[in-house]
Amino acid sequence: MNKKQYLLSVFAILMMFSCAPKHYHVTRVERSRIIIDSRYDQHPDEKATAFMAPYKRVNDSVMAPVVGQVAHNMHATRPESDLSNLVSDILIWASRDYNEQPDLAIYNMGGIRADLTKGDVTYENVLSVAPFENKISFITLTGEQLMQLFRQIAYRGGEGVSKGVELVITSAETGGELVSARLHGQEIDPQANYRVCTINYLLEGNDGMSALRLGTDKVSPQEASNNSRFLIMNYFRDMMKQGIVVDAQVEGRIKVRK
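What you are looking at is a predicted structure, and each value in this text was computed from that prediction instead of being measured.

### Remarks on the overall build of the chain
Broken down by element type, the chain carries 7 helices and 11 strands. Here the C-alpha atoms of the chain give a radius of gyration of 28 Å, more than 25% beyond the 18 Å that 2.2 N^0.38 yields for 258 residues. Split into buried and exposed, the 258 residues of the chain put 38% on the buried side. Of the roughly 16000 Å² that the chain leaves accessible, carbon and sulfur atoms contribute 54%. Across the chain, the centroid of the 29 positively charged side chains sits 10 Å from that of the 30 negatively charged ones.

Here it is, written out as structure tokens:
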């Protein structure tokens, strides 16, 4: 081995050790809390504001238009709420455009991501309520399968259901069981077929409603125009054209037995 080869070998060995894994240990953690509030708006950065201005105009032109009005503040909560009732009823309203006449609609509470505040409703508000790519869908369940779905809803403490659904459930503390179920004033016939309107996310059995996977005659259009937020927006626009301020109330669709 000549001198040059020797030096190259020594260099390679040194490089190998220098690249070997090193064992580090955390010796100290420091943190601070930064509160983001109105104080940050008192002295805005002029360059940043100017840079954002054209983007803000585009964003506002899309998000700010008023699509309707609501009569009071609306919130989604179990077992039943004004907002979950409204969104479920909107699915029934939208079904006419699909040549469907569903017996009921189901909308999951987890899919309603924001409240509506009394007064004007903008597209931004609708997008906040329904930000996901959930699309209107239809499926047929037997009465037996529908009762299974209702039991799953009871176990979850309630979900959004359309007008005409009457469920009595026990509280989550006592097991979340289904006590009784009626639809449009009638008992559920185990042998009958019931057309259900919902969203494709639930057709996949998500949010604990696996009974929806058992149905037949599934219709689930996948174009973006079928997203629930567009259906909600269309509903508000239609009501606004008619001069109607949208109202929804808790009606006893899902009652918890004391």
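That shown, we press on.
### Points about the environment of Asn226
Secondary-structure assignment places Asn226 in the loop between β10 (216-219) and α7 (228-241). A relative accessible area of 6% means that Asn226 is categorised as buried. A C-alpha to C-alpha distance of 25 Å links Asn226 and Glu80, two positions 146 residues apart in sequence. Look past the residues within four positions of Asn226 in its chain and what remains in contact with it is Tyr98, Asn134, Lys135, Ile136, Pro221 and Leu231. Among the polar contacts made by the side chain of Asn226, one reaches the side chain of Tyr98 at a distance of 2.6 Å.

### Digging into the sheet that holds strand β9 (residues 193-199)
One open sheet accounts for 5 strands, arranged β5-β2-β9-β4-β10; its pairing is mixed. The sheet is open, and its two edges are formed by β5 (160-161) and β10, each paired on a single side. With 7 bridges joining them, strand β4 (residues 136-142) and β9 adopt antiparallel strand pairing. Each residue of the ladder has a partner; that of Ile139, found in β9, is Val196. On top of the sheet, helix α5 (residues 143-155) reaches β2 (104-107), β4, β5 and β9; it is set at about 115° to β4, its chief contact.

### So, the packing of helix α3 (residues 82-94) against α7
Between α3 and α7, the least distance of the axes is 10 Å, while the angle of their chain directions is 85°. Taken together, α3 and α7 sit at an angle that is classed as roughly perpendicular. Listed contacts from α7 to Leu86, Val87, Ile90, Leu91, Trp93 and Ala94 of α3 are Leu231, Ile232, Asn234, Tyr235, Phe236, Asp238 and Met239. Each residue belonging to the contact of α3 with α7 can be placed in one class, and the counts come to 11 nonpolar, 1 polar and 1 charged.

### Focus on the nonpolar core
Among the nonpolar cores identified, the biggest contains 60 residues, and Leu86, Phe150 and Phe236 are the most heavily contacted of them. Sorting elements by how many residues they give to this core places α3 first, with 7 residues. Contact partners of Phe150, with chain neighbours within four places excluded, come to Leu104, Val165, Leu167, Leu178, Ala181 and Ile188.

### Focus on α5
Its 13 residues place the ends of α5 18 Å apart at the C-alpha level, agreeing with the 18 Å of an ideal helix rising 1.5 Å per residue. Among all positions in α5, only Gly143, Gln145, Leu146, Leu149, Phe150, Gln152, Ile153 and Ala154 are buried. The first or second residue beyond α5 is Gly157, which carries a positive phi of 85°.

### A look at unusual backbone geometry
The omega torsion across Arg78 and Pro79 is 0°, close enough to zero to call that bond cis. Tracing the chain through its elements places Pro79 in the loop between β1 (66-70) and α3. The backbone phi angle of Asn99 is positive, close to 55°, even though this residue is not glycine. Position of Asn99 relative to the elements: it lies in the loop between α3 and β2.

### Let's talk about a nonpolar patch on the surface
Nonpolar side chains collect at one region of the surface, where Ile34, Ile36 and Tyr40 lie side by side and expose about 370 Å² of accessible area between them. Assignment of secondary structure puts Ile34 in the loop between α1 (3-18) and α2 (46-63).

### Brief notes about the environment of Val62
With respect to the helices and strands, Val62 occurs in helix α2. Its relative accessible area of 44% is what places Val62 among the partly exposed residues. Spatially, the C-alpha atom of Val62 lies 9.5 Å from that of Thr122, the residues being 60 residues apart in sequence.

### Observations regarding α3
Given a rise of 1.5 Å per residue, 13 residues ought to cover 18 Å, and the 18 Å separating the end C-alpha atoms of α3 matches this to within 8%. Within α3, 11 of the 13 residues are buried, which leaves it mostly tucked inside the rest of the structure. Buried within α3 are the following residues: Asp82, Leu83, Ser84, Asn85, Leu86, Val87, Ser88, Ile90, Leu91, Trp93 and Ala94. Against the buried residues of α3 lie β2, β4, β5, β9 and α7.

Reading the values: the criteria
Residues numbered from 1 in each chain as written. Predicted model: local features only at pLDDT ≥ 70, side-chain atom pairs only at ≥ 80, totals over all residues. Heavy atoms only, no water. Helix = DSSP H or I, 4+ residues; strand = E, 2+ residues; numbered from the N terminus. Rg over C-alpha atoms; globule rule 2.2 N^0.38 Å. Buried < 20%, exposed > 50% of the residue type's maximum accessible area, 1.4 Å probe, protein only. Areas by Shrake-Rupley, 256 points an atom, 1.4 Å probe, with all protein chains shown as cover. Lys, Arg positive; Asp, Glu negative; His and termini not counted. Charge placed at Lys NZ, Arg CZ, Asp CG, Glu CD. Contact = heavy atoms within 4.5 Å. Polar contact = N/O pair within 3.5 Å; in protein donor to acceptor, adjacent residues only side chain to side chain. Pairing = 2+ DSSP bridges. Axes fitted to C-alpha atoms, helices over the stretch in contact; angles between N-to-C directions. Parallel < 35°, antiparallel > 145°, perpendicular 65-115°, else oblique. Nonpolar A, V, L, I, M, F, W, Y, C, P; charged D, E, K, R; others polar. Core = buried A, V, L, I, M, F, W, Y, C linked by side-chain atoms within 4.5 Å. Expected span 1.5 Å × (residues − 1). Patch = residues over 30% accessible without salt bridge, like charges linked within 9 Å, V, L, I, M, F, W, Y side chains within 5 Å. Salt bridge = Lys/Arg side-chain N within 4 Å of Asp/Glu carboxyl O.

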